[in-house]
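Okay, here's what each chain looks like letter by letter:
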Amino acid sequence: MSNVAPDGTAYELRGPTDAPLVVFIHGLGLSQRLFDPHVPAFAGYRTLTYDLYGHGKSGPAPSVATLGIYARQLAGLLDHV
């Protein structure tokens, strides 16, 4: 089940709340669904998968998509979760 952060980022947070966090970041043109078969192998961790702006179920980037925009997206998402 996907959640949506205030900036429109679609994400899924799974696993024990007190476990170390592993963040999965997909490549351009893909989505967080890429990691569905892999997340179960990280059962002892808290896992975060998300869609980059303009990918999957996330909204568009707030400006021209750059690595800086994607870095700020991840930083904001980590603050949110």
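Okay, so let's go over this structure. These numbers come from a predicted model, not from an experiment.

Digging into the nonpolar core
Within the largest apolar cluster, 10 residues are counted, these being Ala5, Tyr11, Leu48, Tyr50, Leu52, Tyr53, Ile69, Tyr70, Leu74 and Leu77. Counting only elements with at least two residues in this core, the list comes to strand 4 (46-50) and helix 1 (67-80). Among the elements that line this core, the one with the most residues is helix 1, at four residues.

A word on the pattern of salt bridges
It is possible for side chains of opposite charge to pair when their charged atoms get near one another. For the coordinates displayed, the defined rule picks out four salt bridges. A salt bridge links arginine 33 to aspartate 36; the shortest N-O distance between them is 2.7 Å. The network of salt bridges with common partners includes Glu12, Arg14, Arg33 and Asp36.

Description of the side chain of glutamine 32
The topology assignment puts glutamine 32 in the loop between strand 3 (21-24) and strand 4. By relative accessible area, which is 1% here, glutamine 32 ends up buried. Within polar-contact distance, the side chain of glutamine 32 engages the side chain of threonine 49 at 2.7 Å.

Calculation rules
Residues numbered from 1 in each chain as written. Predicted model: local features only at pLDDT ≥ 70, side-chain atom pairs only at ≥ 80, totals over all residues. Heavy atoms only, no water. Core = buried A, V, L, I, M, F, W, Y, C linked by side-chain atoms within 4.5 Å. Buried < 20%, exposed > 50% of the residue type's maximum accessible area, 1.4 Å probe, protein only. Helix = DSSP H or I, 4+ residues; strand = E, 2+ residues; numbered from the N terminus. Salt bridge = Lys/Arg side-chain N within 4 Å of Asp/Glu carboxyl O. Polar contact = N/O pair within 3.5 Å; in protein donor to acceptor, adjacent residues only side chain to side chain.

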